[in-house]
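Structural overview
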Amino acid sequence: MKTIAVIFGSRSAEHDISIVTALSAIIKPLEATKKYKIEAVYIAKDGSWYWDEKLKDIKLYQSGAIDEFMRKAPKVQLQFDNGLTLVKSSQFAGRKAYKKIDVVFPATHGTHGEDGELMGLLEMANVPYVGCDVPSSAVAMDKVLSKLQTQAYGIVSPKMKFFTKSEYSENVEGWLKAIKTDLKMPLFVKPARLGSSIGITRVENEKELVNAIEVALHYDEKALVEEAVANLIEVTVPIIGNDELIPASVEQPLPKDDGVFDFETKYMNQGKGGKKMSGGKAGAQGYSKIPADISKDLYDKSLETALGVYKAVGCQGIARIDLLIDSKAKKVYFNEINPLPGSLYNHNWRASGWSNVDLVTRLVDLAEERWNAKQKLTTTFSTNFLKQF
Amino acid sequence: MKTLRAFLSYYSPKFPLYFAYMLQQVEYDPKKFHEWSGRLLRNTQTLQSVATRKRLVMTRRAKLLVLATYGFATIFIILYAWLVLVLDFRILALLIGILALPHVSRYFLEFTAYVAQNLIIAPEQKRMTEEAARIFADHTGVKIAVLGSYGKTTMKELLATILSQGKKVAATPGNMNVSTSHARFARSLKGDEDVLIVEFGEGEPGDIERMAQMFKPDYAIITGLAPNHLDYYPDLKAVAKDLLSIYDFVPADKVLVSGESKMLKDFLPKAAHVFTTGGTLGWKTSNIKPTIAGVTFDLNKAKSQFKLASGLLGRYQVAPLALVAALADKLGMSKSDIEAGMKKTAPFQHRMQPRLINGAWLIDDAYNGNLEGMQAGLKLLAELPAKRKWYVTPGLVDQGVETVRVHKELGKAIAESNPNIVVLMNNSARPIIEEAMLNEGFKNELRVETNPLDFYVQIEHLVASGDVLLMQNDWTDNYS
Ligand SMILES: Nc1ncnc2c1ncn2[C@@H]1O[C@H](COP(=O)(O)OP(=O)(O)OP(=O)(O)O)[C@@H](O)[C@H]1O
Ligand SMILES: [Mg+2]
């Protein structure tokens, strides 16, 4: 039986969402396959790592018992042995518990995880892992980089200007003028590497623009200013695959002020009655329509754009691509990529005929396929450099 | 190891609760309790294993039994300790006493149940039965008895739902189908009902006759025959004989018998009035359409035509539905009332009850406990459109000598229905079903689950939109 380590939590604004993703959307279905042994690895808000069966129980976090647990539990050590082994000291004096990991399933959202940092560690360990690799994760995390990279592949995103804090402060007037001449109001100003709409402002005039840039640069060293898409319809497309890509349904998240419905009532746990287990990026979205309520033409264009983005950025395993549609001009713009969608967006996959178990099983297979392919590449060379030295 | 654990399990301080639970499950029948506890010992199962699904319901009777057992245990210990102290074996004797305690308590409970049965319950039952017979005899409503090895409750509920559209109807509640519940039902009547419907449960030979004597039905409906209670009947013929004894009480043209039950056919009198998917009482069905939302069909006789739609699932429901519509017509109900009543028929809890889970249709048929019902469900599964079809069952219980035959038939029916994934539970029925499936050429995926409960909670992770999952006949505790 293969051992899969699910790593979640971490120093991120989306720490709590990650716990739900890991426990309900990954560990439960993986265990339901009966094919794998699952190890839960939790990264606390302070960055400490823990590994324990108890960490699989959502109640531990809900009740606050996690603090008590962390006071007593030993922290995890990672052993890199051309693979990854979890190590922790056990109750018996001097004895240590070891667990060799066959596949890692990263389940962190946002900073210090989804942004590629965790993937770097796993690459160093040479252990197969689920999802996007280091460069694609890092690019996906950066709204400027991801737009530049996809533009190189002919994918359209709203026209933008971007700058670092020092570039901007050296020439404020110049930047404002350039924005005014090259971009059309209204505009969106965003920090380059944040999520959850933090620090984002929509601006209608120059005075608002100056403030908005200050706000964005308060959150990040890098900011972007882009044209607002008119007649906006937002859609999102979950995709899985390494080389052969499979999209789920094009989904249309409806504005969060749309009333009482949320993902929960609409898509999760139907018939089970209300227990909060999962829910997209909770709070960021209201309920949604699957499939999106758009013309066949726009639906196909959305799929095509999303698949193009996935390829251009070099995503693997799984990702979700957010698109902005101008419904009058019938144009589809790329907005951003989420390498690890909350709860894997499994409500959409289920609506598209993939059970939770089908989804996680496929993702684990994809991780192993990619790793196997990589082992065939030559990465070391023997030289006589040392002898000559 | 297993033996030791089973042995030790009797010394949990909670043992009286488990015994009381077992007694409750067998309706306080000392004989059945004796058999079950014997089986438990022979199979070296732990005492706790009896109650993995349900829990003891603390009724007054259960409370009394638990208290009595604890009381008995206490007195036993005190008396025994006293004996031990006066005599002089001490430690050894004390040990023997403690070891014997749960088992002595078991016999105590059995004895108590036996005494209560004969001294209190039986005479009380006799009095109630006589009173009920008087109430039924004086009642002016049309009296319908529903009997058969399966489908009684469904039939009764259908009658009640449809007839209620135009008449005042009273029916025995839930699964209550023993004499005492009939007596209680009689007491609850107001006297102004147009129709009385009573479900006759056959538990042991002579039951039907006793119930008929009490109720004196005008009509009787026999829903089917299956080897269901063979633990208490010598053979299928005895069950059939019991069911058909209704002809001694009801005129032959008012006994309506299912023509869909293969086993029943062999025992029927020539003049029997049958009801089938094709129709009954001169009515003919046509245009039958089963979907996940129910079944629709037309019913014709001479110039009359009903257009009927029911929420019940499966083509096989058409036979009872058509019968009830025909009977409603005979009792003077209007076409519009019959059609409206039919629309109100919906699946019952755990009987071919469709539920949407994670975009998939789960058909909960957990209360289906006989081969014919299971075959019908499998036919529906074959008929429904779906991307992926699942079939889940632990097999059938209570089949006596028929066990092998029934599970072979079931395996065959599964192979014919040919779902994409079949999930069986790892029990004594599994190898028989599996072999029959494979013999019939089943080539799709077969999964065997060791822990049914585990599987049931994981279903939500296993299914997605486009799936249909049919789950038939949950395993009950006393047969695990
Ligand atoms: N160019 C644009 N034109 C129109 N609307 C936009 C544009 N950019 C952003 N928005 C709106 O602002 C929302 C948040 O923007 P974006 O997705 O870039 O930020 P985020 O930090 O990822 O936030 P979230 O996590 O809420 O998606 C978008 O979902 C969209 O409604
Ligand atoms: Mg976004």
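Note that the coordinates shown come from a computational prediction; the quantities given were computed from them, not determined experimentally. (Residues numbered from 1 in each chain as written. Chains lettered and ligands numbered in written order. Predicted model: local features only at pLDDT ≥ 70, side-chain atom pairs only at ≥ 80, totals over all residues. Heavy atoms only, no water.)

A count of helical and extended segments in chain A gives 14 helices and 17 strands. A globule of 389 residues ought to have a C-alpha radius of gyration of about 21 Å, and chain A, at 22 Å, matches this closely. Counting only C-alpha atoms and orienting by the principal axes, one finds that chain A spans roughly 70 × 70 × 40 Å. The buried share of chain A, taken over its 389 residues, is 53%. Counting only carbon and sulfur atoms, one obtains 54% of the accessible surface of chain A, whose full area is about 18,300 Å². Seen as two clouds, the 51 positive and the 49 negative side-chain charges of chain A have centres 4 Å apart. (Helix = DSSP H or I, 4+ residues; strand = E, 2+ residues; numbered from the N terminus. Rg over C-alpha atoms; globule rule 2.2 N^0.38 Å. Buried < 20%, exposed > 50% of the residue type's maximum accessible area, 1.4 Å probe, protein only. Areas by Shrake-Rupley, 256 points an atom, 1.4 Å probe, with all protein chains shown as cover. Lys, Arg positive; Asp, Glu negative; His and termini not counted. Charge placed at Lys NZ, Arg CZ, Asp CG, Glu CD.)

Partitioning chain A into structural domains gives domain 1 (2-131), domain 2 (140-155 + 230-374) and domain 3 (160-227). Computed from C-alpha atoms alone, the centre-to-centre distance between domain 1 of chain A and domain 3 of chain A is 38 Å. (Domains from an automatic or database assignment.)

Now for the confidence of the model for chain B. Residues and elements named next belong to chain B. Looking at chain B, the pLDDT average stands at 86 and 96% of residues meet or exceed 70. Across residues 475-480 the pLDDT falls below 50, and counting only partners more than four positions away or on other chains, this stretch makes 21 contacts in the model. Among the prediction metrics, the complex's ipTM stands at 0.75, with pTM recorded as 0.72. (pLDDT = per-residue confidence, 0-100. Contact = heavy atoms within 4.5 Å.)

According to the domain assignment, chain B contains domain 1 (2-122), domain 2 (139-343) and domain 3 (353-479). Here the C-alpha centroids of domain 1 of chain B and domain 2 of chain B sit 42 Å apart.

What follows deals with a nonpolar patch on the surface. Residue and element names in this part refer to chain B. A contiguous nonpolar patch, built from Met 1, Leu 4, Phe 7, Leu 8, Leu 95 and Leu 99 and spanning about 630 Å² of accessible area, is present on the exposed surface. For the nonpolar patch, the secondary structure elements donating two or more residues are helix 1 (2-9) and helix 5 (91-138). By residue number, the principal contributor to the nonpolar patch is helix 1, which donates 3 residues. Following the sequence through the fold, Met 1 ends up in the segment before helix 1. Take Met 1: its relative accessible area is 72%, and that puts it in the exposed class. (Patch = residues over 30% accessible without salt bridge, like charges linked within 9 Å, V, L, I, M, F, W, Y side chains within 5 Å. Salt bridge = Lys/Arg side-chain N within 4 Å of Asp/Glu carboxyl O.)

Another aspect to go through is the pattern of salt bridges. Applying the stated criterion across every chain yields a total of 38 salt bridges over all chains. As a salt-bridge pair, Glu31(A) and Lys56(A) come within 2.7 Å of each other at their nearest N and O atoms. Of this pair, Glu31(A) sits in helix 1 (residues 15-32) while Lys56(A) sits in the loop between strand 3 (49-51) and helix 2 (58-62), and the two are 25 residues apart along the sequence. Overall, Glu31(A) belongs to the partly exposed group, its relative accessible area being 32%. A salt bridge links Glu402(B) to Arg405(B), with the shortest nitrogen-to-oxygen separation between them at 2.6 Å. A relative accessible area of 16% means that Glu402(B) is categorised as buried.

The subject of this paragraph is the pairing of strand 1 (residues 2-9) of chain A. Residues and elements named next belong to chain A. Of all the 8 residues making up strand 1, 7 are buried; the element is thus mostly covered by neighbouring parts of the structure. Two elements, strand 1 and strand 2 (residues 36-43), share 8 bridges in a ladder whose sense is parallel. Bridge pairing in strand 2 places Lys 2 opposite Tyr 36. Tracing the backbone out of strand 1, into helix 1 and back to the parallel element strand 2 gives a crossover that is right-handed. Bridge analysis of strand 1 against strand 7 (residues 103-106) gives 4 bridges, and the strand direction is parallel. Bridging across to strand 7, Ile 4 finds its partner in Val 103. (Pairing = 2+ DSSP bridges. Right-handed = clockwise from strand over helix to strand, strands pointing away.)

Residues and elements named next belong to chain A. For ligand 1, the set of nearby residues contains 18 residues, the closest of which are Lys 190, Ser 197, Glu 226, Glu 234 and Glu 336. Within the side chain of Lys 143, one N or O atom sits 3.1 Å away from an oxygen atom of ligand 1. Contacts to ligand 1 include Val 229, whose backbone N or O atom sits 2.8 Å from a nitrogen atom. A total of 590 Å² of accessible area belongs to ligand 1 in isolation, and the protein chains cover 86% of it. (Near = heavy atom within 4 Å. Polar contact = N/O pair within 3.5 Å; in protein donor to acceptor, adjacent residues only side chain to side chain.)

Residues and elements named next belong to chain A. Strand order across the open sheet formed by 3 strands is 4-5-6, with antiparallel pairing between neighbours. Each end of this open sheet is capped by a strand with a single partner; those strands are strand 4 (77-80) and strand 6 (96-101). Between one strand axis and the next, the sheet turns by 25 degrees as a mean value, whatever way the strands run. Bridge count between strand 4 and strand 5 (residues 84-89): 4 bridges; the pairing is antiparallel. Bridging from a neighbouring strand, Leu 78 pairs with Leu 86 of strand 5. (Axes fitted to C-alpha atoms, helices over the stretch in contact; angles between N-to-C directions.)

A separate point is the environment of Lys88(A). Residue and element names in this part refer to chain A. Along the chain, Lys 88 turns up in strand 5. Overall, Lys 88 belongs to the buried group, its relative accessible area being 15%. Taking the C-alpha atoms as reference points, Lys 88 and Leu 187, 99 residues apart in sequence, are found 51 Å from one another. The residues touching Lys 88, leaving out its near neighbours within four places in the chain, are Trp 51, Asp 52, Pro 74, Lys 75, Lys 96 and Ala 97. At 2.7 Å, the side chain of Lys 88 and the backbone oxygen of Trp 51 are in polar contact.

Attention now goes to helix 12 (residues 335-343) of chain B. In an α-helix, one turn spans 3.6 residues; hence positions three or four apart end up facing the same way. All names here are of chain B. Every buried residue of helix 12 is listed here: Ile 338, Glu 339, Gly 341 and Met 342. Mapping the buried residues of helix 12 onto a view down its axis gives an arc of 165 degrees, with all of them on the same face. Its buried side turned inward, helix 12 meets helix 6 (152-163), strand 9 (294-301), strand 10 (304-310) and helix 11 (318-330). (Arc of directions from axis to C-beta.)

On the side of chain A, 20 residues touch chain B, which itself brings 15 residues to the contact. Buried area between chain B and chain A, both sides added, is near 1,300 Å², and the carbon and sulfur share of it is 42%. Here chain B and chain A share 2 salt bridges between them. For Asp358(A), the salt bridge is made with Arg388(B), and the minimal N-O distance between the two is 3.0 Å. If you look at where chain B meets chain A, you find 9 residue pairs in polar contact (both at pLDDT 80 or more). Among the elements of the structure, strand 11 (353-357) and helix 16 (452-462) of chain B are those that each provide at least two residues to the side of chain B that touches chain A. By residue number, the principal contributor to the side of chain B that touches chain A is helix 16 of chain B, which donates 5 residues. Looking at the side of chain B that touches chain A, its residues break down into 5 nonpolar, 5 polar and 5 charged. (Buried area = accessible area lost by both parts, 1.4 Å probe. Nonpolar A, V, L, I, M, F, W, Y, C, P; charged D, E, K, R; others polar.)

On to empty space enclosed by the protein. Using the criterion set out here, one finds 2 cavities of 30 Å³ or more in the structure. Roughly 80 Å³ of volume is contained in the largest cavity. The wall of the largest cavity is formed by Pro106(A), Ala107(A), Thr108(A), Glu114(A), Met119(A), Val130(A), Gly131(A), Cys132(A), Ser137(A), Ile318(A), Pro339(A) and Leu340(A). Its residues assigned to classes, the lining of the largest cavity shows 8 nonpolar, 3 polar and 1 charged. Inspection of the lining of the largest cavity shows a minimum of three residues originating in each of domain 1 (2-131) and domain 2 (140-155 + 230-374) of chain A. Here the second largest cavity is characterised by a volume of approximately 30 Å³. Lining the second largest cavity are Ala226(B), Pro227(B), Met263(B), Leu371(B), Glu372(B) and Arg405(B). Split into classes, the residues belonging to the lining of the second largest cavity amount to 4 nonpolar, no polar and 2 charged. Mapping the lining of the second largest cavity onto the domain boundaries places at least three of its residues in each of domain 2 (139-343) and domain 3 (353-479) of chain B. (1 Å grid on protein atoms, 1.4 Å probe; cavity = no way out; pocket = protein on both sides within 12 Å on 5 of 7 lines; lining within 4 Å. Points joined across faces, edges and corners; volume = space filled by probe spheres on them.)

Moving on, we get to the sheet that holds strand 3 of chain A. Residues and elements named next belong to chain A. Read from one edge of the open sheet, 4 strands run 3-2-1-7, paired in mixed fashion. In the strand order of this sheet, the two ends are held by strand 3 and strand 7, each with one partner. Neighbour to neighbour, the strand axes of the sheet diverge by 25 degrees on average, direction disregarded. With respect to the sheet, helix 1 is in contact with strand 1, strand 2 and strand 7, its orientation differing from that of strand 1 by roughly 160 degrees. Where helix 13 (residues 356-375) meets the sheet, its contacts fall on strand 1, strand 2 and strand 7, and the angle it forms with strand 7 comes to roughly 120 degrees.

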